[in-house]
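Chain residues, written in single-letter form:
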Amino acid sequence: MLDVLLRGATVADGTGAPPRRADVGVLGDRIALVGETTEGARETVDCAGLVLAPGFVDLHSHADFSIRQAPVAEACLRQGVTTIVTGNCGSSPFPGVPGGDASLTTISERDATVWPDFARFAAAVEESEPAINVAALAGHAALRSAVAGNELRELTADELARVCELLAEQARQGVFGFSSGLIYAPGSFAPPQELVALAETAARAGLLYSTHMRDEGDHLLDAVEEALETARRTGVRLQISHLKAMGPANHGKVREALNRIRQARAEGLDVACDVYPYAASSTRLSSRLPDWALDGGLPALVSRLRDDETRARIREELDARIGRTVLPEGTVLAALPLGPYRKWVGSSLAEIAAAEGRPPADTALNVLREHAGDVWIVNHAMAESDVDTVLADELSAIASDGWVLDTGQGGHPHPRHFGTFARALGSYSRERGVVGLAEAVRKCSALPASRIGLTDRGTIAEGMVADLTVFDPATVIDTATYETPLSYATGTSHVLVGGRFALRDGEVTGERPGRVLRRS
């Protein structure tokens, strides 16, 4: 007898094939039947009129810094997400040393615990009993910081060898890849050859290399070429994170970026990309500053901002980007520690600057100085047409780039934390037709699963792990907005993780069947 029978659903199996009516049976943690059956089950759920899809795989998450605080991960469950891939943009909480730069942020609402290796991080996450699965990458910034701190310099030969050995050690413990964040210090301090050495290590271990490239504005195409050249020289599997173009002068460049990715694939490179369905990003305000200003980490930055002469040099370089890739009217404060500008969370730099009667660059530097350099923004600098272009491309997976897992965590975050996958299904597929339903499901399931190397998840077939989501194709939608972001998506009826209901009839069940996945 089956444990669960999902009867009469419209099955979008994740492959991109046309949806079809079928019953899906679950026995233990596996899919035991796909088809029509009269067999009984301990629990039968009528899914007529609903779409049954593989549980979604969020290929680009930063929830390694929040999953222990919010293990129910309600924001994920209400979008049908059953697996998150953490450790992106070069940031992971391992391998690290106390005081290192392995953590995503020091804002108190997030988990800043640093772990010496993946094994101990995984044990801590499993102890929290998450409702969803976690597959981890090792962050380049964490690896580098563990060996050389936050210094703006090339690594010595011995240091580089140690960084590569640290990555190999994490691979032996089960990470699925490594990532870089080349606009963020100290990752941005690394010359191309450093990434090549790490990519060679990753390729030997069969890992994915996921990169937040060195530039997403005026030098976007140069950054694409750097990433592709790393793959050419090493044979590493390459994932270009959240492909986009920042600033009006660069809108439209994503078409050429995609062309170059396709050309590289024709050469034999294994490369693809991902995208979130929003025309605004979210990042650190400090990433808009020159590397030399961040030499030594955020405390050193704050010291420089308190020195008039040095501050003037930083301001000059920041001012050159104002109006081009840094748009004050679109740069909105999202999160920062306690201090004088906390009251301005949700307001733009242009609004704050106008209230203070000073130029936006000065306001930005003041905010950084008064809040220990730890300032997060929502950045409106992309074109909706570019989002459509990337999202419609067959090579792009849907990914959130999120980390806020519960509306109770507060702040004024990007709405992508709560709406990415529902928005792709509702706004981009049903309402606007940018992609069809079957293709949207593939971009949320089988495609990201294949990129990370999950062979038993991402499609609906007998023998696969029963990570499943059931949603109403007529109503699934995001409700989080830039103005009121703390709002869950609607339209997801059921979510099973390993064959157990984590969401049932639109409500969280309290079951927490997730686990940390390890690459064998």
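This report concerns the structure included in the present document. (Residues numbered from 1 in each chain as written. Predicted model: local features only at pLDDT ≥ 70, side-chain atom pairs only at ≥ 80, totals over all residues. Heavy atoms only, no water.)

### Looking at the packing of helix 4 (residues 157-173) against helix 5 (residues 192-205)
For step 1, the next point in the chain: Two elements in contact, helix 4 and helix 5, have axes separated by 10 Å at closest approach and are oriented at 30°. Classed by the angle they form, the pair helix 4 and helix 5 counts as roughly parallel. Crossing of helix 4 over helix 5 shows right-handed handedness. Mapping the contact onto sequence places Leu160, Val163, Cys164, Leu167, Ala168 and Ala171 in helix 4 and Glu194, Ala197, Leu198, Thr201, Ala202 and Ala205 in helix 5.
For step 2, the next point in the chain: Residue composition of the contact of helix 4 with helix 5, grouped by class: 10 nonpolar, one polar and one charged. (Axes fitted to C-alpha atoms, helices over the stretch in contact; angles between N-to-C directions. Helix = DSSP H or I, 4+ residues; strand = E, 2+ residues; numbered from the N terminus. Parallel < 35°, antiparallel > 145°, perpendicular 65-115°, else oblique. Left-handed = near helix turned anticlockwise from the far one by under 90°. Contact = heavy atoms within 4.5 Å. Nonpolar A, V, L, I, M, F, W, Y, C, P; charged D, E, K, R; others polar.)

### A word on helix 7 (residues 253-267)
For step 1, the next point in the chain: The end-to-end C-alpha distance of helix 7, which contains 15 residues, comes to 21 Å, matching closely the 21 Å that a straight helix rising 1.5 Å per residue would cover.
For step 2, the next point in the chain: Along helix 7, the positions that sit buried rather than exposed are Val254, Ala257, Leu258, Ile261 and Ala264. An end-on view of helix 7 places all buried positions within 115° of arc, on one side of the element.
For step 3, the next point in the chain: Those residues of helix 7 hidden inside the fold are in contact with helix 6 (220-234), strand 11 (237-240), strand 12 (271-275) and helix 12 (384-392).
For step 4, the next point in the chain: In the stretch just after helix 7, Gly268 is the one whose phi turns positive, near 110°. (Expected span 1.5 Å × (residues − 1). Buried < 20%, exposed > 50% of the residue type's maximum accessible area, 1.4 Å probe, protein only. Arc of directions from axis to C-beta.)

### A word on the state of the cysteines
For step 1, the next point in the chain: What the rule picks out here adds up to zero disulfides.
For step 2, the next point in the chain: The closest cysteine sulfur to the non-disulfide-bonded Cys273 is located on Cys444, 14 Å from its own sulfur.
For step 3, the next point in the chain: For Cys273, a relative accessible area of 1% gives the class buried. (Disulfide = S-S within 2.5 Å.)

### Points about the nonpolar core
For step 1, the next point in the chain: By size, the foremost hydrophobic cluster in this structure holds 97 residues, and its most contacted members are Phe56, Ile240 and Leu243.
For step 2, the next point in the chain: The dominant element in this core, judged by the number of residues it contributes, is helix 6, at seven residues.
For step 3, the next point in the chain: Ignoring sequence-local partners within four residues, the contact set of Ile240 consists of Thr211, Met213, Val224, Ile261, Val271, Ala272, Cys273 and Asp274.
For step 4, the next point in the chain: In this structure, Leu318, Leu349, Ile352 and Leu365 belong to the second largest nonpolar core, which totals 22 residues. (Core = buried A, V, L, I, M, F, W, Y, C linked by side-chain atoms within 4.5 Å.)

### Considering the sheet that holds strand 16 (residues 396-398)
For step 1, the next point in the chain: Spatial ordering of the open sheet is given by 6-7-8-9-10-11-12-16, a layout of eight strands whose pairing is parallel. Across the chains shown, the open sheet's two edge strands, defined by having one partner strand only, are strand 6 (56-58) and strand 16. Put simply, the sheet's adjacent strands are angled 30° from each other on average, direction ignored.
For step 2, the next point in the chain: In this sheet, strand 10 (residues 208-212) lies alongside strand 9 (residues 177-181) in parallel orientation, the contact comprising five bridges. Counterpart to Phe178 in the pairing with strand 10 is Tyr209.
For step 3, the next point in the chain: On the sheet, helix 6 packs against strand 10, strand 11 and strand 12 and is oriented at approximately 165° with respect to strand 11. (Pairing = 2+ DSSP bridges.)

### A look at the packing of aromatic side chains
For step 1, the next point in the chain: All chains considered together, the criterion is met by eight aromatic pairs.
For step 2, the next point in the chain: Seen in terms of ring centroids, Phe178 and Tyr209 are 4.5 Å apart; in terms of plane orientation they differ by 10°. Their pairing is stacked. Here the residue Phe178 occupies a position in strand 9, and Tyr209 occupies one in strand 10, the gap between them amounting to 31 residues. For the pair shown, Phe178 and Tyr209 are each scored as buried.
For step 3, the next point in the chain: Measuring from centroid to centroid gives 6.0 Å for Phe418 and Tyr488, while their planes differ by 75°, and the two rings are edge-to-face. Of this pair, Phe418 sits in helix 13 (residues 416-431) while Tyr488 is found in the loop between strand 17 (468-471) and strand 18 (492-497), placing the two residues 70 residues apart along the sequence. Each member of the pair, Phe418 as well as Tyr488, carries the same accessibility label: buried.
For step 4, the next point in the chain: The cationic tip of Arg284 hangs over the ring face of Tyr184; the distance from NZ or CZ to the ring centre is 5.1 Å. (Phe/Tyr/Trp six-rings, centres within 6.5 Å; stacked < 30°, edge-to-face > 60°. Lys NZ or Arg CZ within 6 Å of the ring centre and 35° of its normal.)

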